[in-house]
Amino acid sequence: MTRPACGRRAACTALVFALLAPLSSLAACGGPSLAIGAVQGDGDRSPYVGKTVTVEGLLTRDSRRPGGFRGLYLQAAVGDGNPATSDALFVYTRRSAGEPGQRLRVSGTIKEFHGLTELASVTALTVCGDHRLPLPEPITLNPEHWQSDGAAHSLERLENMRVRLPAGLVITDTHNLARYGELTLAPRDPITPTEYQAPVPGLADGGDSPSTPLLLDDGQAVRFPSPIPWLADRRLGPDSVRAGDTLPALTGLLDFRFGHWRIQPDGTPEPIATNDRPSPPKRPKDATVRVVAMNVENLFNGDGRGGGFPTPRGADTQRRYQRQQAALVAALTGPDPDILALSELENDGYGPESAVATLAQALGPDWRMITTPGQDGSDAIRTVLLYRADRVQPDGSPRRLRAGAFAHRGRPPLVQAFRPMNGGRSVQVVAVHFKSKACGHARGADADQGDGQGCFAHTRSEEARSVLNGLAALPPAPRTLVTGDFNSYTRETPLSVFTEAGWGNLVARRHPCTPADCRQYSYRFRGHKGSLDHALASPQLQPDVRAASIWTINADEPEGLPSGTPPGPWRSSDHNPLIIDLAL
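Residues numbered from 1 in each chain as written. Predicted model: local features only at pLDDT ≥ 70, side-chain atom pairs only at ≥ 80, totals over all residues. Heavy atoms only, no water.

Enquirer: Which residues make up the overall build of the chain, and what are the values?
Expert: The secondary structure content of the chain amounts to ten helices and 27 strands. Taken over 584 residues, the chain has a buried fraction of 52%. Considering only intrachain contacts with a sequence separation of at least 6, the fraction spanning at least 24 residues in the chain is 72%. Carbon and sulfur atoms make up 52% of the accessible area of the chain, which totals about 25,300 Å². (Helix = DSSP H or I, 4+ residues; strand = E, 2+ residues; numbered from the N terminus. Buried < 20%, exposed > 50% of the residue type's maximum accessible area, 1.4 Å probe, protein only. Contact = heavy atoms within 4.5 Å. Areas by Shrake-Rupley, 256 points an atom, 1.4 Å probe, with all protein chains shown as cover.)

Enquirer: Requested: an account of the side chain of Glu346, with residues and values cited.
Expert: Summarising the element assignment, Glu346 is placed in strand S14 (residues 339-346). Although buried, Glu346 forms no salt bridge, and the nearest oppositely charged side chain, Arg382, lies 7.9 Å from it. For Glu346, the side chain forms a polar contact with the main-chain nitrogen of Asn301, separated by 3.2 Å. Discounting residues that sit within four places of it in the chain, Glu346 has contacts with Leu299, Phe300, Asn301, Gly302, Ala355, Ala380 and Arg382. (Lys, Arg positive; Asp, Glu negative; His and termini not counted. Salt bridge = Lys/Arg side-chain N within 4 Å of Asp/Glu carboxyl O. Polar contact = N/O pair within 3.5 Å; in protein donor to acceptor, adjacent residues only side chain to side chain.)

Enquirer: I'd like a description of unusual backbone geometry, backed by residues and values.
Expert: Residues Ser226 and Pro227 are joined by a peptide bond in cis, for which omega reads 5 degrees. Structurally, Pro227 is set in the loop between strand S10 (214-217) and strand S11 (250-257). Here the residue pair Phe309 and Pro310 is connected by a cis peptide bond, since its omega of 0 degrees sits within 30 degrees of zero. Mapped onto the elements, Pro310 comes out in the loop between strand S13 (289-299) and helix H6 (318-333). Positive phi outside glycine occurs at Asn160, with the angle close to 75 degrees. Mapped onto the fold, Asn160 is located in the loop between helix H4 (149-156) and strand S7 (162-165). On the basis of relative accessibility, which here comes to 0%, the residue Asn160 falls in the buried class.

Enquirer: Any details on the sheet that holds strand S12 (residues 260-265)? Residues and values, ideally.
Expert: On the basis of which strands lie adjacent, the open sheet formed by seven strands has the order S6-S7-S11-S12-S10-S9-S8 and mixed pairing. Where the open sheet ends on each side, the last strands, each with one partner, are strand S6 (137-138) and strand S8 (170-173). Note: S11 against S12, six bridges, orientation antiparallel. Opposite Arg257, over in S12, you have His260 as the bridge partner. (Pairing = 2+ DSSP bridges.)

Enquirer: So what's going on with the confidence of the model for the chain? Residues and values would help.
Expert: Summing up the model confidence of the chain, the mean pLDDT is 89 and the portion of residues at 70 or higher is 89%. Across residues 1-27, where pLDDT falls below 50, the model places four contacts with residues more than four positions away in sequence or in other chains. In this model residues 205-210 is a low-confidence stretch, pLDDT under 50, and it forms 18 contacts with partners more than four residues away in sequence or in other chains. (pLDDT = per-residue confidence, 0-100.)

Enquirer: Break down the packing of H6 against helix H7 (residues 355-363) for me, citing the residues and quoting the values.
Expert: Viewed as axis vectors pointing N to C, H6 and H7 meet at an angle of 55 degrees, and their least axial separation amounts to 10 Å. In terms of axis orientation, H6 runs oblique to H7. Seen along the crossing, H6 lies across H7 with a hand that is right-handed. In contact with Tyr321, Gln325, Val329, Leu332 and Thr333 of H6, H7 contributes Thr358, Leu359, Ala362 and Leu363. Across the contact of H6 with H7, the residue classes break down as six nonpolar, three polar and no charged. (Axes fitted to C-alpha atoms, helices over the stretch in contact; angles between N-to-C directions. Parallel < 35°, antiparallel > 145°, perpendicular 65-115°, else oblique. Left-handed = near helix turned anticlockwise from the far one by under 90°. Nonpolar A, V, L, I, M, F, W, Y, C, P; charged D, E, K, R; others polar.)

Enquirer: Which residues make up H6, and what values go with them?
Expert: Along its 16 residues, H6 runs 22 Å from first to last C-alpha, staying within 8% of the 22 Å computed at 1.5 Å per residue. When we look at burial in H6, the residues that qualify are Tyr321, Gln324, Gln325, Ala327, Leu328, Val329, Ala331 and Leu332. On the buried face of H6, the contacting elements are S13, S14 and H7. (Expected span 1.5 Å × (residues − 1).)

Enquirer: Tell me about the sheet that holds strand S16 (residues 381-388), and name the residues and values.
Expert: Sheet architecture is open: six strands sit in the order S15-S16-S14-S13-S27-S26, paired in mixed fashion. Either end of the sheet is taken by a strand with one partner, and the two such strands are strand S15 (367-369) and strand S26 (545-550). Strand after strand, the sheet turns through a mean of 20 degrees between neighbouring axes, direction not considered. In this sheet, strand S27 (residues 578-582) lies alongside S13 in antiparallel orientation, the contact comprising five bridges. The residue of S27 that forms the bridge with Ala293 is Leu578.

Enquirer: Mind laying out the pattern of salt bridges, listing which residues take part and the relevant values?
Expert: Enumeration over the complete set of coordinates arrives at 34 salt bridges. For the salt bridge of Asp303 with Arg305, the shortest nitrogen-to-oxygen distance reads 3.7 Å. The class of Asp303 is partly exposed, set by a relative accessible area of 28%. Between Arg425 and Asp544 there is a salt bridge, with the nearest N and O atoms lying 3.0 Å from each other. Of this pair, Arg425 sits in the loop between strand S19 (414-420) and strand S20 (427-433) while Asp544 is found in the loop between strand S25 (533-537) and S26, placing the two residues 119 residues apart along the sequence. Overall, the relative accessible area of 34% leaves Arg425 in the partly exposed class.

Below, the structure written as structure tokens:
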């Protein structure tokens, strides 16, 4: 070897080290190191937390790009032979050396970061050459096992490893798609337990509730990613991914961060549209009146003149309000109804600039609203009734039920009878919106009783009794339909108050949910489907019911689709509308 000529000792020393560095790095590769499986251990925490270690493995995924997780994933080329330990590790580092498919030797300190075992404070990172990636480990997601604590443990042993998931996993929740680029997956589409079985103590911890959510992740630590992942251009707008769609078999990396297990996939999987968007149901030939009930998800219109935004609830700009209302008009007129029973509108009177008046105007020239000034209560939102004046007419005066549970709080139900314009019998429609399940200020009998009904089940049951008592105090109306958002699933106590009194739950009777199947539902909560919205017919009205169904246009749809998406009925609210056909 020719000795380099050096004019300055410091420069010469630096040059010698530069020439020798590749040799010393090569010598380091393959030297003594700790098996990654030993670092992970067979428990939830590494036995080496706080200790400095050296490991070797293959770079399987690089997440050091802008918006990534500031690190890389390292998996042993050959496992330690212990099926209870993971053979992969996340390395938190800004060092840029290494590419996927290369073998690395890394030294640093082991730590637990919000449940993720990682190697951080890296002191050395050496590229040791190219190597074939390890084969993915197959995961079988048995639905019953998935609901047990054992599911979390079985995933722990695969933390950060390459895995293969079978075809047919169901997308159960799209809530965080636009916000975080996440889709929730499960072996089957879960159903809220009290949708098909009566509340019992301990039901909240069992039933069909997976304890281990699995997320399809976009590999970014950013909010509101653009473009929205998992939505190819052809799937925007009318063909968006929906809860209930499924995935093909996929390979990727099993990750744990932000409190959930997640799959970082190889490439971009294309969801399979197994839950197509439906057309509105056709009206039966002998039906004379169609009622549509829907929670419109906080329809607030500012000051009614284009200003006053953000509002206490709902849209924060005039543009978003206009888009919300356009979508609602498409949803409400799509089934061609005669009467609309709506909940969650701004409680701001009935003047021309009120939320209900502007909605009635947007629906078309034939639409009118029922007014009860001074009776609507003090809540920020209320129920309303609208009707097509060319098809039906009010029969008698409207009333609000303001006794019992609605005397000093809550949202007083609105009662109005209607009669077809071309003759026929009248039907009394009652629009309701019961207390929500949110637990703020819940105490005593209204606290969560652990029976699957959530908070305020006692109040909702009292509201149900107050509706029946209030109707009994009114002049007799043989045919009555009580409909709206009960904030109660089908088998919960508030609904049993009606059914035990002889009232028929129209949709649930025609399309009952079972533990294995539920196709008619109005709501999804954390991936679980069921019905919070119902249509209850008095015994006298039940023979006149010709059809009752739910139009699944909202609960399965992702929030926050791009603003350029053509307005339509899809995701016009978080609740699906109910459609009831009557022969009067």
